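# Observations on chain architecture
Each chain, letter by letter, is given below.
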Amino acid sequence: MPRSCPFGPPSEYARLRAEEPVSRVRLQNGASAWLLTRYDDVRALLSNSATTSNRAHPAFPATVANTQAFAQKGFLLSMDAPEHALHRRMVTGEFTAHRVRRLRPRIQEIVDTCVGRMLVAGAGGRPVDLVQELSLPVPSLVICELLGVSYASRDIFQKNTEVLLNRTSTAADREGAFGALRDFLGELVTSKERAPDETLLGRLIVKYREADLYDHEHLTGFAMLLLLAGHETTANMISLGVTVLLDGDRARLDELAADPSLMPQAVEELLRYLSIVDYPTSRVLLEETEVSGVRIGADEGFIASGAAANHDPEVFPDPGRFDMYRSTAGHVAFGFGVHACLGQNLARAELEIVFNTLFARIPGMRLVQPAGRLPYKDSTVYGIHTLEVTW
């Protein structure tokens, strides 16, 4: 469903939540699935063990025309127990809060460099496209650091992930983008196999070999998952977050600039408020289950809408208002249950560092175009194509 305003989820979600919280919807490929729009229902089914995340299941709700990239080996999103638990344990240590704290100085260096280039590009009041100068480069460089590739490869990431996630891409376009990424990452993994280093991939190769679990295709798929899940999402959150903060009360920005310790809570509210990734929380029920008085049968697919849940007024009063002081405990912007986003600590760190640095170094920044006139993406991951700012 298209968003009814630049920031909030589709207005239809509110009606469905009130009148038909478990409803039948038609998907892009012509199939149908159940849509859940109440917070409690979303959390209940995402923690229900009688479900499958297997993208190859005939009833799985395909929210893009081609799910090839998401069904390959190594994609934790598509695994069920016990396989999922095994591989999640193998990689969780790379994304703990402690590990991310060790990355923060390098993230800060990356952000400082990008903001410095913005200042040069915008000298004399010239408009600067924040997407190209900050939103895309920061997560690209962080991913490059993690995977151990040169920043020159960022175009491969950006171009092909956008094609894969864009709802309007043709099947042929998606197949080409998938192939380009798979080949690039396969070659990268091969190079690390020959000489494992201290990058994330190098460490995982050693760990999997020691456990006698190593599989080249699995690690290639995991590398693609990191790329798709950690690059496009963070880039769009940066652009949209800046837009929300610049579009609102200027006093709010002054508060954040004066007290950077407020930023973690502001980031949590941005995650809840924007909910840019709505559909990865799709599953298939393996047993008949009653949800809000509706019987969903075995082998029927459902979409547990994160955006709808995060705007449920029973949990988040006045949900369409951005309030950086509200309690956001329990929001599902990163999913819920065993498949909750593995990289959420890293995403939070990037967003906090970007926003604190940007508004401290460019306090007079403003939007060139009002928020309602910006070119928003028709994509699986909500975002903005370009975002011109000046100061």
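For the structure, see preceding data.
What comes next concerns the included structure. Just so it is clear, the model here is predicted, and its values are computed rather than measured. (Residues numbered from 1 in each chain as written. Predicted model: local features only at pLDDT ≥ 70, side-chain atom pairs only at ≥ 80, totals over all residues. Heavy atoms only, no water.)

## A look at the pairing of strand E5 (residues 282–285)
- Burial along E5 is two-sided: Ser282 and Val284 facing one way and Arg283 and Leu285 facing the other are all buried.
- Taken together, the two bridges between strand E3 (residues 51–52) and E5 define a ladder with antiparallel strand orientation. Across the sheet, the residue bridging to Thr51 is Leu285, located in E5.
- Inspection of the sheet shows E5 paired to strand E8 (residues 300–304) by four bridges, in the antiparallel sense. Of the residues in E8, the one forming a bridge with Arg283 is Phe302. (Buried < 20%, exposed > 50% of the residue type's maximum accessible area, 1.4 Å probe, protein only. Helix = DSSP H or I, 4+ residues; strand = E, 2+ residues; numbered from the N terminus. Pairing = 2+ DSSP bridges.)

## Thoughts on the sheet that holds E8
- Taking strand neighbours across the sheet as the criterion, the five strands line up as E1-E2-E8-E5-E3 in an open arrangement whose pairing is mixed. Each edge of the open sheet is held by one strand with a lone partner, namely strand E1 (22–26) and E3.

## Observations regarding the sheet that holds strand E9 (residues 366–367)
- The strand order across the open sheet formed by three strands is E4-E10-E9, and the pairing between neighbours is antiparallel. Every interior strand has two partners, whereas the edge strands, strand E4 (128–129) and E9, have only one.
- Note that E9 and strand E10 (residues 388–390) share two bridges and pair antiparallel. Note on E10: the bridge partner recorded for Leu367 is Val389.

## Notes on helix H3 (residues 83–92)
- All of the buried residues along H3 are His84, His87, Arg88, Met90 and Val91. Angular distribution of buried residues about the axis of H3 spans 160°; they occupy a single face of the element. (Arc of directions from axis to C-beta.)

## Here we look at the nonpolar core
- By size, the foremost hydrophobic cluster in this structure holds 92 residues, and its most contacted members are Leu130, Leu134, Leu147, Phe222 and Leu358.
- Top contributing element to this core by residue count: helix H15 (residues 344–361), with nine residues.
- Beyond its immediate stretch of four places on either side in the chain, Leu358 contacts Val115, Met118, Leu130, Leu134, Val242 and Met365.
- Val22, Leu285, Ile296 and Val332 belong to the second largest nonpolar core, which has 15 residues in total. (Core = buried A, V, L, I, M, F, W, Y, C linked by side-chain atoms within 4.5 Å. Contact = heavy atoms within 4.5 Å.)

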